[in-house]
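Breakdown of the fold
Spelled out, the chains give:
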Amino acid sequence: MIGLVKAYLLERKLTTALNVLLLAISVAMLTLLLQFARQSEERFLEGAEGIDLVIGAKGSPLQLVLSSVYHLDQPTGNIPLSALERLRHNPLVASAIPLALGDQFAGFRIVGTKSELFDLYSAKLQSGKTFEAPLEAVIGSAVAEETGAGLGQRFIGSHGLAENAEGQGHEHTPFIVVGILEPTGKPIDRLILTSVESVWDVHGIQHDHGTAEDDHDGHEDAAEAHHADADHGSHGAYGVHGPREPMVPEITAILLNYRSPAAAVRLPSTINRNTALQAASPAQESSRLILLFEPAIEALGGFAVLLAATGALAIFVALWSAMRSREGDLALLRVMGASRAAIFGTVLLEGVMTALVAAALGILAAHGLLWLASETLHSVGEAGIGPGHLLPEEIAILAGAAALGALAAVIPAWTVMRNNLAPILGRN
Amino acid sequence: MSLLELHQVSYRYGRSPVLRDFDMTLDVGDRCLMLGPSGSGKSTLINLVCGFLKPDSGTIDIAGQRISEGSEAARDAVRRRHISVVFQSLRLVSALDIKANLSLAARLARREVTPRDIHALLEEMGIAGKAHAKPYMLSQGEAQRAALARALVVKPDLLIADEPTSALDARNAETVARLLLDLSHTHGTTLLVATHDERLRSHFSQVIDLHAGVVEQIV
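Residues numbered from 1 in each chain as written. Chains lettered and ligands numbered in written order. Predicted model: local features only at pLDDT ≥ 70, side-chain atom pairs only at ≥ 80, totals over all residues. Heavy atoms only, no water.

Chain A is annotated in an unreviewed UniProt entry as FtsX-like permease family protein of Altericroceibacterium endophyticum. Quoted verbatim from the Subcellular location (unreviewed entry) heading of the UniProt record, the comment on chain A is "Cell membrane". (UniProt positions renumbered as here; feature names shortened; annotations may be inferred.)

So, in structure tokens, the structure goes:
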């Protein structure tokens, strides 16, 4: 009977195509929402994987997490270097990695940190070595790809964190690329990593050796070169200071790992209550952010379901009118030996097939659109959204569409099945 | 040996009797014309023989199997095994080509039919070149032949033709009548033609004149 149903659908090409299109649009919309929500959630959770707590200046905890873990927002401010030393000696802390933000190159953030950050994001060197000497930098895979920078390439960082930031460049303290990371799909792909001391040097901040990083030679030279004609405006974490204003070494944030689960209970509340610092949990803040999106996603999902119901109604109307004109054909099938159940099944199959084709096309279209958007829209690619893989929920959408098709067909199928053959045959 | 046997069959629509104590017997290989004006009960008789309707009284047997009683599924099974019907206008499934129409009929009747069998039958009908044509692409004569091919592909014991010539001119009516008789002879099928077309009388040796549900004359 599948051949017959296919023939009936192809006989009314335009009606079938329009019904398929209507339902496919709603399925595509549902799939897009599902994929967007799931991929965003995954990217957020992946990005924060291995980071138990973020310490920074007081302010919005979400902003602190966004700026320090995902490198999306402006930092809340700087914190004293001494905080890092204190936390390193805290028995509840397994590791503490400093971050010093403030500059960018071609829109990619320059992050002063330690090479342990690579492990935090499970990043491995694709070529070169890690940063050791002052002004050496390791770049993420996206930075290398988009700027075309290779090993040995020199570049000058600019003040501010946004690509279009109008800060001055640090012409006297150019960085040199000494390593390129393998792609990870995490925020580190879009970062330029260097030592914290190099960030201080670029900004002309005098510092002792062996503080945030092990001994390095030449920091004084770099700092002096900076001081020769430093004139900073407002730019990121190292934003507000004049040319002659004495600056002390500071960092922007600290990424912590707990030594034991008990630390999760004690450490954040102790820091938030008793110090001038702020402790924020990436897991909690990510969940909070996802929750913020939820009402909008639910509203759009509701609209898509409404659209799907309209599609089902269109299938019902098409089948109902087709059954009126196909009464004779179906009577003939009965004469030839088809049972009433077979007639019912034929009509039901027509509704189900229409809906299944529409759903499959809708899901394909959604994945195609995601791929297209990730290839052509910078912000989508940057957010780590791609074509994605088939989710179990999409199988549920297919099943739901089939059920909707069956529901749309059940009344026409029932009516035709109950038809009395004698009057129909008599009419003809 | 009788293939079709109607015994004292009566049927009424509401209060109007359509058939009254109707008796009829067709033996294997018979070719019978049932003549009667509109409303004489021909269509009702076909519906009863096919098992679409149950008689108010009397019995109908086909090849020894009772089609006038039992469940709809049982009556469907008897019809599927023994009967093919060619209607005046309900001929072919519009969405399928001719070959697919024949395959579908065979599948529904649960008969093993090969593509070669279908081709041979269409060749016999002179419409092999139209195997992949949709019904609307055929002339009236070709459509009629295709409908006959669809009816015969299931190798029925009894072929019923309902008003096969009503819309045809004398020449085409003559052609169809001859074709029906020839095919029933070639395929060894018992033939029952129900019509009001007097032009067919001369082609049949067995004629039942029906008037208001009563047999007026059997020749």
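Once you've had a look at it, read on.
All names here are of chain A. Summed over the entire model, instances satisfying the criterion amount to five aromatic pairs over all chains. Ring centres of Phe 105 and Phe 155 lie 4.7 Å apart, and the angle between their planes is 35 degrees; on these two criteria the pair is classed as tilted. With a gap of 50 residues between them, Phe 105 in strand 3 (residues 93–105) and Phe 155 in strand 7 (residues 154–155) connect regions that are remote in the sequence. Owing to a relative accessible area of 23%, Phe 105 belongs among the partly exposed residues under this scheme. Look at Phe 155 and you get buried, because its relative accessible area is 5%. With a centroid separation of 6.0 Å and an interplanar angle of 25 degrees, the aromatic rings of Phe 316 and Trp 320 are classed as stacked. Of the two residues, Phe 316 and Trp 320 are both situated in helix 10 (residues 282–325); the distance of four residues between them amounts to about one turn of the helix. Phe 316 sits in the partly exposed class, given a relative accessible area of 25%. Take Trp 320: its relative accessible area is 34%, and that puts it in the partly exposed class. Taken together, the ring pairs connect Phe 105, Phe 155 and Phe 175 into an aromatic cluster. Above the plane of the ring of Tyr 8 lies Arg 326, whose end atom (NZ or CZ) is 3.8 Å from the centre. (Phe/Tyr/Trp six-rings, centres within 6.5 Å; stacked < 30°, edge-to-face > 60°. Helix = DSSP H or I, 4+ residues; strand = E, 2+ residues; numbered from the N terminus. Buried < 20%, exposed > 50% of the residue type's maximum accessible area, 1.4 Å probe, protein only. Lys NZ or Arg CZ within 6 Å of the ring centre and 35° of its normal.)

With that out of the way, let us pick up helix 4 (residues 115–125) of chain B. Residue and element names in this part refer to chain B. Every buried residue belonging to helix 4 is among Ile 118, Leu 121, Leu 122 and Met 125, and all of these are buried. Each buried residue of helix 4 sits inside an arc of 95 degrees when the element is viewed along its axis, so together they form one side. Tucked inside the fold, the buried residues of helix 4 contact helix 3 (98–108), helix 5 (140–152) and helix 6 (170–186). Count one or two residues on from helix 4 and you reach Gly 126, which has phi positive near 80 degrees. (Arc of directions from axis to C-beta. Contact = heavy atoms within 4.5 Å.)

Within the largest apolar cluster, 119 residues are counted, with the highest numbers of intra-cluster contacts made by Leu 333 of chain A together with Leu 4 of chain B. Once you skip the residues sitting within four places of it in the chain, Leu 4 of chain B turns out to touch Met 24, Thr 25, Leu 26, Val 49, Ile 60, Asp 61, Ile 62, Leu 158 and Leu 192 of chain B. In terms of nonpolar packing, the next biggest core, distinct from the first, is built from 30 residues, Phe 44, Tyr 70, Ile 97 and Phe 131 of chain A among them. (Core = buried A, V, L, I, M, F, W, Y, C linked by side-chain atoms within 4.5 Å.)

Turning next to the interface of chain B and chain A. Accessible area lost upon the coming together of the parts serves often as the stated size of an interface. Contacts between the two partners involve 23 residues from chain B and, on the opposite side, 21 residues from chain A. Taken together, both faces of the contact between chain B and chain A bury some 2,100 Å²; the carbon and sulfur share is 63%. At the junction of chain B with chain A, the criterion picks out three salt bridges. In this structure, the salt-bridge partner of Arg 340 of chain A is Glu 72 of chain B, at a minimum N-O distance of 2.5 Å. If you look at where chain B meets chain A, you find eight residue pairs in polar contact (both at pLDDT 80 or more). For the side of chain B that touches chain A, the secondary-structure elements that each account for two or more residues are helix 2 (72–82) and helix 3 of chain B. Considering every element that reaches the side of chain B that touches chain A, the biggest residue donor is helix 2 of chain B, with four residues. Across the side of chain B that touches chain A, the residue classes tally to 13 nonpolar, four polar and six charged. (Buried area = accessible area lost by both parts, 1.4 Å probe. Salt bridge = Lys/Arg side-chain N within 4 Å of Asp/Glu carboxyl O. Polar contact = N/O pair within 3.5 Å; in protein donor to acceptor, adjacent residues only side chain to side chain. Nonpolar A, V, L, I, M, F, W, Y, C, P; charged D, E, K, R; others polar.)

Turning our eyes to something else, we now look at the packing of helix 3 of chain B against helix 4 of chain B. Residues and elements named next belong to chain B. Where helix 3 contacts helix 4, the two axes come as close as 10 Å, and the packing angle between them is 120 degrees. Overall, the two elements helix 3 and helix 4 adopt an arrangement that is oblique. Note that helix 3 runs across helix 4; the crossing there is right-handed. Residue-level contacts link Ile 98, Lys 99, Leu 102 and Ser 103 of helix 3 to Ile 118, Leu 121 and Leu 122 of helix 4. (Axes fitted to C-alpha atoms, helices over the stretch in contact; angles between N-to-C directions. Parallel < 35°, antiparallel > 145°, perpendicular 65-115°, else oblique. Left-handed = near helix turned anticlockwise from the far one by under 90°.)

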